Amino acid sequence: MTYEVMSLDVQHLLTRLGITKCILLGHSMGGKTAMTLALQRPDLVECLISVDIGPTSTAPVSEFSAYISAMKSVKIPDGLPRSAARQLADHQLRSVVQHPQLRQFLLTNLVEVEGHYVWRVNLDAISQHLVDIMNFPVFHKPYPGPALFLGGSDSPYIRSQDYPEIQRLFPKADVQYIAGAGHIVHQDKFGEFITAVLNFLPPP
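In this report, we go over the structure that sits alongside the text. (Residues numbered from 1 in each chain as written. Predicted model: local features only at pLDDT ≥ 70, side-chain atom pairs only at ≥ 80, totals over all residues. Heavy atoms only, no water.)

A separate point is the packing of helix α4 (residues 82–93) against helix α5 (residues 100–107). It is at 10 Å that the axes of α4 and α5 come closest, and there the two elements cross at 130 degrees. What the angle tells us is that α4 and α5 run oblique. Between α4 and α5 lies a crossing of right-handed hand. Judged by residue contacts, Arg 86, Ala 89, Asp 90 and Leu 93 of α4 engage Arg 103, Gln 104 and Leu 107 from α5. In terms of residue class, the contact of α4 with α5 is made up of 3 nonpolar, 1 polar and 3 charged. (Axes fitted to C-alpha atoms, helices over the stretch in contact; angles between N-to-C directions. Helix = DSSP H or I, 4+ residues; strand = E, 2+ residues; numbered from the N terminus. Parallel < 35°, antiparallel > 145°, perpendicular 65-115°, else oblique. Left-handed = near helix turned anticlockwise from the far one by under 90°. Contact = heavy atoms within 4.5 Å. Nonpolar A, V, L, I, M, F, W, Y, C, P; charged D, E, K, R; others polar.)

Laid out in structure tokens, this is it:
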């Protein structure tokens with residue numbers, strides 16, 4: 001589970017869909033995957049939007065490892081109604097994942113399969129590749145197209161010390177912050193997020 005491999009997954013999807021050039025938007029891990037694709041295959045990317053993540057290591061600020069451990073420790077009895085299962089999982093996550101919006105975001109991955117509640121994402125694979133996920137691949141050739149780095153003002157994920165690396169790899173980058181938004185920018189400030197994205201995109 002490296003960003004190079006996830007980038008290849010997106011490239012295969014574009015080929016299958018017959019898309020020769022795209023506008024690429026990704027959040028967090030998706031943002032790092034989108035940046036990797038833009039740097040590997042700039043010919044496929046018309047413009048790039050990276051939401052609350054930069055092309056640097058996030059290990060110093062991320063609580064991702066603790067969240068994964070908390071999700072793995074959730075225990076839900078079989079046969080519970082979906083609403084009760086979500087409430088129980090929410091209660092079990094609360095001590096580690098303290099922000100209600102973030103818990104709700106994580107709980108979108110809780111699904112029922114044949115009477116058992118499981119996480120849609122592969123937590124074991126994520127745990128085994130945490131170092132790769134926290135870091136970012138090394139690139140030397142920049143992406144020449146327009147790029148928007150759209151962060152939340154209350155999030156630590158796009159820091160001022162990241163600006164030189166953003167400018168090195170994405171020389172046409174614009175860095176913006178949405179006031180009052182945390183890491184999940186599109187959930188915290190949906191209207192402002194949509195406005196910022198539409199203002200960045202080229203006219204139809």
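Having put the structure on the table, let's press on.
Note: strand β1 (residues 22–27) against strand β2 (residues 45–51), 6 bridges, orientation parallel. Considered in β2, the bridge of Leu 25 is made with Ile 49. On the question of chirality, the crossover connecting β1 to the parallel β2 by way of helix α2 (residues 29–40) is right-handed. (Pairing = 2+ DSSP bridges. Right-handed = clockwise from strand over helix to strand, strands pointing away.)

On inspection of all chains with the given rule, the structure shows 6 salt bridges. One salt bridge connects Arg 94 with Asp 90, and the closest N-O pair in it is separated by 2.8 Å. Between Asp 162 and Arg 159 there is a salt bridge, and its shortest N-O distance comes to 3.2 Å. We classify Asp 162 as buried; its relative accessible area is 2%. Judged by its relative accessible area of 19%, Arg 159 falls in the buried class. A network of salt bridges, in which partner residues are shared, links Asp 90, Arg 94 and Arg 103. (Salt bridge = Lys/Arg side-chain N within 4 Å of Asp/Glu carboxyl O. Buried < 20%, exposed > 50% of the residue type's maximum accessible area, 1.4 Å probe, protein only.)

Scanning the model with the defined rule gives 3 aromatic pairs in all. Following the ring pairs from residue to residue traces out a cluster consisting of Tyr 143, Phe 149 and Phe 170. (Phe/Tyr/Trp six-rings, centres within 6.5 Å; stacked < 30°, edge-to-face > 60°.)

Here the focus is the packing of helix α1 (residues 3–17) against α2. The N-to-C vectors of α1 and α2 enclose an angle of 75 degrees; their axes lie 8 Å apart at closest approach. When the interaxial angle is binned, α1 and α2 end up roughly perpendicular. Where α1 approaches α2, its residues Tyr 3, Glu 4, Met 6, Ser 7, Val 10, Gln 11 and Leu 14 are matched on the opposing element by Met 29, Lys 32, Thr 33, Thr 36, Leu 37 and Gln 40. Split into classes, the residues belonging to the contact of α1 with α2 amount to 6 nonpolar, 5 polar and 2 charged.

Our focus in this paragraph is α4. Taking 1.5 Å as the rise per residue, α4 with 12 residues should run 16 Å; its terminal C-alpha atoms sit 16 Å apart, in good agreement. For α4, every residue scored as buried is listed here: Ala 85, Ala 89, Asp 90 and Leu 93. End-on, the buried residues of α4 take up no more than an arc of 135 degrees, which puts them together on one face. In this structure, α4 carries Ser 83, Gln 87 and His 91 as exposed residues pointing more than 90 degrees from its buried face. The inward-facing, buried residues of α4 abut α3 (64–73), α5, β3 (110–113) and β4 (116–119). (Expected span 1.5 Å × (residues − 1). Arc of directions from axis to C-beta.)

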